[in-house]
Amino acid sequence: MSMQSNLDALYRQVIMDHYKNPRNRGEIVGDALTVNMNNPSCGDKIQLHLKVDGDVVRDARFTGEGCSISLSSASMMTETVMGKTVDEALELSGIFFGIVQGEDYDDEKYDLGDVEALQGVTKFPARIKCATLAWKAMEKGLDKD
Amino acid sequence: MINVRDVREQFPILDQEVNDHPLVYLDNAATSQKPVQVVEALEDYYRRYNSNVHRGVHTLSSVATDGYEGARDKVKTFINAAQREEIVFTRGTTTAINTVAASYGRANLQEGDEIVLTPMEHHSNLIPWQQVAKATGAALKYIPLQPDGTVSVEAARATINERTKIVAMVHVSNVLGTMNPIKEVAKIAHEHNAIMVVDGAQSTPHMSVDVQDLDCDFFAFSAHKMCGPTGIGILYGKKPLLEEMEPFEFGGEMIDEVGLYDATWKEVPHKFEGGTPIIAGAIGLSAAIDFLNDVGLDDIKTHEQQLAQYAMDQLSAHDDIEVYGPPANERAGIVTFNIHDVHPHDTATVLDMKGVAIRAGHHCARPLMNWLDVAATARASFYLYNTEADVDAFVDALVSTKEYFGDVYAE
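About the cut-offs
Residues numbered from 1 in each chain as written. Chains lettered and ligands numbered in written order. Predicted model: local features only at pLDDT ≥ 70, side-chain atom pairs only at ≥ 80, totals over all residues. Heavy atoms only, no water. Helix = DSSP H or I, 4+ residues; strand = E, 2+ residues; numbered from the N terminus. Rg over C-alpha atoms; globule rule 2.2 N^0.38 Å. Buried < 20%, exposed > 50% of the residue type's maximum accessible area, 1.4 Å probe, protein only. Contact = heavy atoms within 4.5 Å. Areas by Shrake-Rupley, 256 points an atom, 1.4 Å probe, with all protein chains shown as cover. Buried area = accessible area lost by both parts, 1.4 Å probe. Salt bridge = Lys/Arg side-chain N within 4 Å of Asp/Glu carboxyl O. Polar contact = N/O pair within 3.5 Å; in protein donor to acceptor, adjacent residues only side chain to side chain. Nonpolar A, V, L, I, M, F, W, Y, C, P; charged D, E, K, R; others polar. Patch = residues over 30% accessible without salt bridge, like charges linked within 9 Å, V, L, I, M, F, W, Y side chains within 5 Å. Lys, Arg positive; Asp, Glu negative; His and termini not counted. Charge placed at Lys NZ, Arg CZ, Asp CG, Glu CD. UniProt positions renumbered as here; feature names shortened; annotations may be inferred. Expected span 1.5 Å × (residues − 1). Arc of directions from axis to C-beta. Pairing = 2+ DSSP bridges. Axes fitted to C-alpha atoms, helices over the stretch in contact; angles between N-to-C directions.

Moving on, we get to the overall build of chain B. Helix and strand counts for chain B stand at 14 helices and 17 strands. In terms of C-alpha radius of gyration, chain B reaches 22 Å, essentially the compact-globule figure of 22 Å for 411 residues. In terms of overall dimensions, chain B has C-alpha extents of about 75 × 55 × 35 Å along its principal axes. Expressed as a percentage of the 411 residues in chain B, the buried residues total 58%. Summarising the internal contacts of chain B: among those between residues at least 6 apart in sequence, 70% fall at separations of at least 24. Counting only carbon and sulfur atoms, one obtains 48% of the accessible surface of chain B, whose full area is about 16,400 Å².

The helix and strand inventory of chain A stands at 5 helices and 3 strands. Going residue by residue from the N terminus, the α and β elements of chain A occur as α-α-β-β-β-α-α-α. Radius of gyration (C-alpha) of chain A: 14 Å, near the 15 Å computed for a compact globule of 145 residues. Principal-axis analysis of the C-alpha atoms gives chain A an extent of 50 × 35 × 25 Å. Counted over contacts in chain A with a minimum sequence separation of 6, partners at least 24 positions apart contribute 62%.

What follows covers the environment of K140(A). Within the secondary structure layout, K140(A) lies in helix α5 (residues 128–142). Among residues more than four places away in sequence, those in contact with K140(A) are V35(A), N36(A) and M37(A).

Before going further, it helps to examine the interface of chain B and chain A. Contacts between the two partners involve 19 residues from chain B, matched on the other side by 25 residues from chain A. Between chain B and chain A, roughly 1,900 Å² of surface is buried when both sides are summed, and carbon and sulfur atoms account for 59% of that area. Joining chain B to chain A, the criterion identifies 1 salt bridge. With its nearest N and O atoms 2.8 Å apart, the salt bridge here joins D346(B) to R127(A). Here chain B and chain A share 7 residue pairs in polar contact (both at pLDDT 80 or more) between them. Elements represented by at least two residues in the side of chain B that touches chain A include exactly α12 (344–353) and α14 (388–410) of chain B. Partitioning the side of chain B that touches chain A into residue classes produces 9 nonpolar, 6 polar and 4 charged.

Taken together, the side chains of E243(B), D256(B), E257(B) and E267(B) define an acidic patch exposed on the protein surface. On the accessibility criterion, E267(B) (60% relative accessible area) is exposed.

On to the UniProt feature "domain: NIF system FeS cluster assembly NifU N-terminal" (unreviewed entry) in chain A. UniProt records the feature "domain: NIF system FeS cluster assembly NifU N-terminal" (unreviewed entry) at residues 11–130 of chain A, using the numbering of this structure. The span residues 11–130 of chain A is 33% helix and 22% strand, and its two end C-alpha atoms sit 13 Å from each other.

With that out of the way, let us pick up the pattern of salt bridges. Residue and element names in this part refer to chain B. Considering all chains together, one arrives at 25 salt bridges over all chains under this definition. For E114, the salt bridge is made with K141, and the minimal N-O distance between the two is 3.3 Å. Taken as a pair, E114 in strand β5 (residues 114–117) and K141 in strand β6 (residues 139–142) lie far apart in primary sequence, 27 residues in all. Exposure remark for E114: the relative accessible area of 6% places this residue in the buried category. With a relative accessible area of 30%, K141 lands in the partly exposed category. Close ionic contact of E162 with R163 constitutes a salt bridge, the shortest N to O distance being 3.7 Å. Among the charged side chains, a salt-bridge network with shared partners connects E69, R72, D73, R84 and E273.

Residue and element names in this part refer to chain B. Between the first and last C-alpha of helix α2 (residues 36–49) there are 19 Å, a value that for 14 residues agrees with the 20 Å anticipated at 1.5 Å per step. Among the residues of α2, V38, A41, Y45 and Y49 are the ones counted as buried. Looking straight down α2, one finds that the buried residues subtend no more than 65° of arc, so they occupy a single side. Facing away from the buried surface of α2 by more than 90 degrees, the exposed residues are Y46 and R47.

All right, on to helix α7 (residues 182–191) of chain B then. Residues three or four positions apart in an α-helix share a direction because the helix packs 3.6 residues into each turn. Residues and elements named next belong to chain B. Taken together, the buried positions of α7 are occupied by I182, V185, A186, I188 and A189. With its buried residues spanning 160° around the axis, α7 presents them on a single face. Buried-residue contacts for α7 involve α6 (153–159), β7 (164–170), β8 (195–199) and α8 (211–214). The first or second residue beyond α7 is N193, which carries a positive phi of 60°.

We now examine the sheet that holds strand β1 (residues 33–39) of chain A. What links the strands of a sheet is backbone hydrogen bonding, and the strands pair in either a parallel or an antiparallel sense. Residues and elements named next belong to chain A. Within the open sheet, the 3 strands sit side by side as β1-β2-β3. Their pairing is antiparallel. Each edge of the open sheet is held by one strand with a lone partner, namely β1 and β3 (56–65). Pairs of neighbouring strands in the sheet enclose a mean axial angle of 20°, with direction left out of account. Of the pairings in the sheet, the one linking β1 to strand β2 (residues 44–53) comprises 7 bridges and is antiparallel in character. Counterpart to T34 in the pairing with β2 is H49.

Moving on to the pairing of strand β14 (residues 334–339) of chain B. Residue and element names in this part refer to chain B. Here β14 lies mainly inside the structure; 6 of its 6 residues are buried. Neither face of β14 is open: one carries I334, T336 and N338, the other V335, F337 and I339, and all of them are buried. The pairing of strand β13 (residues 321–324) with β14 spans 4 bridges and is classified as antiparallel. The residue bridging V323 from the neighbouring strand is F337, located in β14.

Right, dumping it as structure tokens:
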């Protein structure tokens, strides 16, 4: 694959769309939990706000600063987990961590929506941490232990 | 003037392609490349005379000891220290400053005392002082920066007072390239009976340093940024200060007498070099100093400033690229910048695809990022082997980055 197509695979149109027009950016009014997650090596900071109702993720929003990959990933993640059960969200997170390491997943079983576009990050090992930042925050927030 | 073609022949690593483009290495402030002389010195030590130093009676041990202690003499001359005992080998700049903070700082600071820093310090010259302040009750004070990211002597004079016990300042900023007025500030510190600690990690590789002329009390730097190996650095300290300090690490090599319940220490510098010392590192550093002296530090400084000037002239033609810090003639060969609306990570990724290695992030200087009011920046940093062609490739890659992100935004 050429360098240009590698770049294009990283910066897919859908990723840039989430970066320019982030979904669910902002705070949750009222009762919610907030998880701060930093990437200390580069300065990216994400605050993930989650509202969990019983076993269901009712609302997921994010604030913070970061690069196109970390912010678009946060935008996609919030879209993906909203309305899912905690177990489903955590399972998707596991799938996502596999995807960015280059692992295949069962796309009939799991509907990852736009998130699938982040597959291109596998060619850029230095950027995997950007892609996973918001997902780590989500795991931390939903962790039942 | 530097013959860059000859210099580059000593750095085989530069002769390679990265992502189908010739490597343009502009991350020298993070670490420099190593010339063959240094690689061969390390290889020679491990192939021919690897041995532990100081305590061996056998022949290889004394050859290794000569190499290790010879490196100390070489460093002494390189920074013009008054005595060889003032040169302590450490793991790097960070360990050197931690030694001063933990040993001198904890013994000499108490509540009511002040440690004076600047907001441009690298974390290595910031966190150790935060910790010693917490432990002793001393307060941290900051010399406010000028709008162009420089430290004025007047601002230093206004911040340092009779409560000041330690002034700790970076010689050259790893972000802005600012060259700080160490000599003048050291004079002010001494007028108030404070000591002057200097982080020389970004100055020593790029300009001649004279610690006696600067009249600083402690000076720290790392070998790996000056063509030497990783894992070794220097703590220079005035001998009376080093002598009054307690060791930072305890164990073998640094002791004089040992009983079951107590021990005494060797003389300086050895009491600060517990454990088997960094023998190969010192020998590699010695070769790096020879190499830099052959090229000439004054020429290296001029060469890098010319490259910085050349780069800044080209970048100034782009309204959407912001360069931080003072003008090129007042800075070392470090150019920190951002492209509007493109995150520096994204810039660095596109540049890497063009074979251009730069740094993106906060550069271990979070307070300075806050001062600049940015989350992160991109940084190109030059060294003696860089060329105007490298700068051209860098600027071309930036133009590609702008076009690429302009396009993806437009889609």
